[in-house]
Amino acid sequence: MDPSLTALIVAVVGVAGTLLSGVMAHRSALRAKTVELDRAERLRRDELLADERRENLAVRRASYAVFNQRLRQFHSVLSKDYFALAAGEARPERGREREEPRRVLRDVYAEAQMVISDEVLTVAGGVVHQLHRIHAALLRHEQGEPADDSLADIRERLERASEGLYEVRQTMRRELGVSALPVARPEGYGAP
């Protein structure tokens, strides 16, 4: 082979190699940059999701705290009025006095329905409705109207509602990850 042809081939191969190595280095740098950008985007998305989860948890925790407080407050008012009725101290205006805690519970429950889980909603809804039925039964007795429920029935409903309050609270606490206690009240729990 002619030495000038060989030199030309070597020169062409050298120039092509030099050009090709630049293109390959550029492609490799682009690929690395793409991987780095994808990773950064994934981390940013993960951080946003974590922030959203923390925010949702804080909203749920606040809602649970207010809802639990209002449930217990309404139950306490109903219990107090039941004991007054059982002691013969029935006054028709007691029903009107219960309207404020009843209305507040209704409003808090309506707000909570937008953020609480289905599991808590199922348990809490049963207790809320049970408390409203107790309120209606007390009202009938206080106003001297014929009542389907005896005082013993109302007392039994209040006791079941008390059990329900425990179940609602424990369901909320479990969902928030702050309790491992059973959802149902253990035998003798809270007994003197």
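Our structure's up above, just so we're on the same page.
Reading guide: rules and limits
Residues numbered from 1 in each chain as written. Predicted model: local features only at pLDDT ≥ 70, side-chain atom pairs only at ≥ 80, totals over all residues. Heavy atoms only, no water. Salt bridge = Lys/Arg side-chain N within 4 Å of Asp/Glu carboxyl O. Helix = DSSP H or I, 4+ residues; strand = E, 2+ residues; numbered from the N terminus. Buried < 20%, exposed > 50% of the residue type's maximum accessible area, 1.4 Å probe, protein only. Patch = residues over 30% accessible without salt bridge, like charges linked within 9 Å, V, L, I, M, F, W, Y side chains within 5 Å. Areas by Shrake-Rupley, 256 points an atom, 1.4 Å probe, with all protein chains shown as cover. Core = buried A, V, L, I, M, F, W, Y, C linked by side-chain atoms within 4.5 Å. Contact = heavy atoms within 4.5 Å.

Asks: Honestly, the pattern of salt bridges in this entry has me stumped. Any pointers?
Replies: Pairing of side chains with opposite charge becomes possible as their charged atoms draw close. Evaluated as defined, the whole model comprises 14 salt bridges. Of the charged contacts, one joins Glu100 and Arg103 as a salt bridge, the two residues approaching to 2.7 Å between their closest N and O atoms. Here Arg103 and Glu100 lie together in helix H2 (residues 93-112), a separation of 3 residues that amounts to about one turn. On the basis of relative accessibility, which here comes to 43%, the residue Glu100 falls in the partly exposed class. You can call Arg103 partly exposed: its relative accessible area is 33%.

Asks: What is the right way to read a nonpolar patch on the surface from this model?
Replies: A cluster of nonpolar side chains, Leu5, Leu8, Ile9, Val12 and Val13, forms an exposed patch at the surface whose accessible area comes to about 450 Å². When you line up the elements, Val13 lands in helix H1 (residues 3-86).

Asks: When you look at the nonpolar core in this model, what are you seeing that I'm missing?
Replies: As a rule of thumb, soluble globular proteins bury nonpolar side chains together. By size, the foremost hydrophobic cluster in this structure holds 29 residues, and its most contacted members are Phe67, Leu71, Leu131 and Ile134. Among the elements that line this core, the one with the most residues is helix H3 (residues 118-142), at 9 residues. Excluding residues within four positions of it along the chain, Phe67 makes contact with Leu105, Val108, Tyr109, Ala112, Ala124, Val128 and Met172.

Asks: How do you make sense of the environment of Arg91 when you look at a structure like this?
Replies: Looking at the element boundaries, Arg91 is found in the loop between H1 and H2. Judged by its relative accessible area of 31%, Arg91 is partly exposed. For the pair formed by Arg91 and Ile134, sequence separation is 43 residues and the distance between their alpha carbons is 16 Å. Apart from residues lying up to four places away in sequence, Arg91 is in contact with Glu97 and Glu142.

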